[in-house]
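Now for the letters of each chain:
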Amino acid sequence: MRHPIHKEDSETDSAKATTALPHTSIAFEKRCLYCGELNNSINYTCNCKFEDWFKEYRILDIQPLVTPIYRREVIKSFRNYSFTHQQGIAQYKALPFREWYPEHLEPIGMTPLHYLKNLSSLYGARIYIKNEGNNPSGCFKDRETLLALLNTRRRGLRHAVIYSSGNAAASAAILAQKQDIQLITFVAGDTYPEKIEFIREHGSDVIVVGDENTNFETGFRLFARVNAENIFSRSKFDNWSVRNPYRVHGDKTTALEIVKQFSDNPLVCQVPDYIIVPTANGSCLAGIWKGFRELKQLNIISKLPKIVSVGIKGANPVFKAVRRKQTGRPERCDLSLLNTEDANIGSTILAEEGYDSIEAAKAVISSDGIAVEVNSEDIQNTLRDFLQQERQLAGEQAVLPEPASLISIAAIKKIKCIQPENTVVSIITGHGLKAKEMIDQLLSGYPDLQHLVADIIKKKQHDISLGSITKGRRRDVAADFDAVVNVFNELKR
Ligand SMILES: [Zn+2]
């Protein structure tokens, strides 16, 4: 069945932006990645393909219109990019709708890059980590959420939906609550009760789709259908899920920051040889690649890094797609075949499908990078190596990667072509604060490291405080289209 595309009131995204603030002359256009047509659908759909997956994957892309003014403004904002700026990543002018940056927001991004001196000699490469655990919610997702939020504000909306059971939902819930936006998070029935509570405690209403046998993908397919049939957009809810094309523009800023941090002289920019990104949906990786490409287009950098995707063995669709050079349609993984230990340790990064994995696979292939897989033993060894070798840094700066993030360091040993003189940046996607028990378990038999971790967590807990938040409501609903729509209608304000 052909679903009508919901049109924006204005013809182009930039129209409203430039009308409201005449001094902004930067415009962006939204196109379908598959048919190439200009697309202004507000629920991020296109009519050009009819396979079911097309309702679920990110299919739109937003590109800046590169004019001399754009060039000048973006290069200037790159040169002036400050790691103490009050607006965080929003100071970068290559972002859509940054004029809608809200007041009194804790700045996002500007995360530290650390050189791991001791681990570098052990692993045979010049290793740096980009510590995204330093974002306000302790995770890189804040960069993505902010970009979704800017577009919601630009459209004058006060409501949003998201499908996620992890860090994306927590990040979205925190930002939405602060901006007085009603967020409804959809999760699958098999989500751990603690996670559901965690999302509610951050202020989001939660709709639990199906029973304990309903998995992530089943729930997401229903959510995607509700979106495609305009149920959310008709109720003036924005869709903040991975399908939202603004999110990856937040990840672009990670590339910009790495280049800034690598370059002593802003006029002679340096780029690392490899960027290693933990991959589930693939949006972080696709966004970082977008960022590097845009910097190259502007002649800010003269070469591109090789992009490495790393995931848990058997649970990474990007790995499968890269191996098969399949970039035209999704690859899926069968999670029932996973080793139990691998499944537990990597639970936050396992993917049967990756809803931005097609673009992520293209990024890995076109950067001449590679995709690798690691298992629970690799993660456990890396955790010990990291804490033993970099004890001082970890303790002083409260650096503790969540277990799923350690895969970007574990991957280094798997990449045979890396030489000792090569520079490698491993993206640490989130802080280990939320995985205290698992980390403790992984370090059993190493009491000194367990103490170190306990100290780091104590220090970090001081930094993250939720303040006063009204707990969100919870509704359980059958995995059925009409039932899901009814409960959404009941919860919407
Ligand atoms: Zn299309």
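Above this text you will find the structure in question.
Each chain carries its own residue numbering, running from 1 in the direction its sequence is written. Totals for whole chains, interfaces and linings use all residues, but because this is a predicted model, local features are given only for residues with pLDDT of at least 70 and pairs of side-chain atoms are given and counted only at 80 or more.

Trainee: So what exactly am I meant to see when it comes to the sheet that holds strand E7 (residues 205-209) here?
Mentor: What links the strands of a sheet is backbone hydrogen bonding, and the strands pair in either a parallel or an antiparallel sense. Ordered in space as E8-E5-E6-E7-E13, the five strands form an open sheet in which the pairing is parallel. On the outer flanks of this sheet lie strand E8 (238-239) and strand E13 (474-477), each paired with one strand and no other. Pairing of strand E5 (residues 159-163) with strand E6 (residues 182-188), which is carried by five bridges, proceeds in the parallel orientation. Bridge assignment links valine 161 to a residue of E6, and that residue is isoleucine 184. For the purpose of contact definition, each residue receives a C-beta atom placed from its backbone, and two residues are in contact when these atoms lie within 7 Å. Axes, fitted as lines to C-alpha atoms, cover a helix only where it is in contact. Angles between the N-to-C directions of the axes lie from 0 to 180 degrees. Numbering of helices and strands starts at the N terminus; helices are DSSP runs of H or I of at least 4 residues and strands are runs of E of at least 2. Across the sheet, helix H7 (residues 216-228) lies against E5, E6, E7 and E8, angled at about 140° from E6, the strand it touches most. DSSP-based pairing: two strands are paired if at least 2 bridges between them are found.

Trainee: Teacher, can you tell me more about the packing of helix H4 (residues 141-154) against helix H5 (residues 167-178) here?
Mentor: Each pair of packed helices can be summarised by the angle the axes make with each other and by the distance between the axes. Running from N to C, H4 and H5 cross one another at 50°; their axes reach a closest spacing of 9 Å. Relative to H5, the element H4 is oriented oblique. Two packed elements cross with a definite hand, and for H4 against H5 that hand is right-handed. From H4, Lys141, Asp142, Thr145, Leu146 and Leu149 reach across to H5, where they touch Asn167, Ala168, Ser171, Ala172 and Leu175. Each angle gets one of four labels, with under 35 degrees taken as roughly parallel, over 145 as roughly antiparallel, 65 to 115 as roughly perpendicular, and the rest as oblique. Rotating anticlockwise by less than a right angle from the far helix to the near helix defines a left-handed crossing, while the corresponding clockwise rotation defines a right-handed one.

Trainee: Would you take a moment to explain the packing of H7 against helix H19 (residues 481-491) for this structure?
Mentor: Contact geometry of H7 with H19 gives a least axis separation of 10 Å together with a crossing angle of 70°. Relative to H19, H7 is oriented roughly perpendicular. Considering the relative orientation of H7 and H19, their crossing is right-handed. Of the residues in H19, those touching H7 at Leu222, Arg225 and Val226 are Phe481, Val484, Val485 and Phe488. Three categories are distinguished: nonpolar for Ala, Val, Leu, Ile, Met, Phe, Trp, Tyr, Cys and Pro, charged for Asp, Glu, Lys and Arg, and polar for the others, with Gly belonging to the last. In terms of residue class, the contact of H7 with H19 is built from six nonpolar, no polar and one charged.

By themselves these figures say nothing about function.
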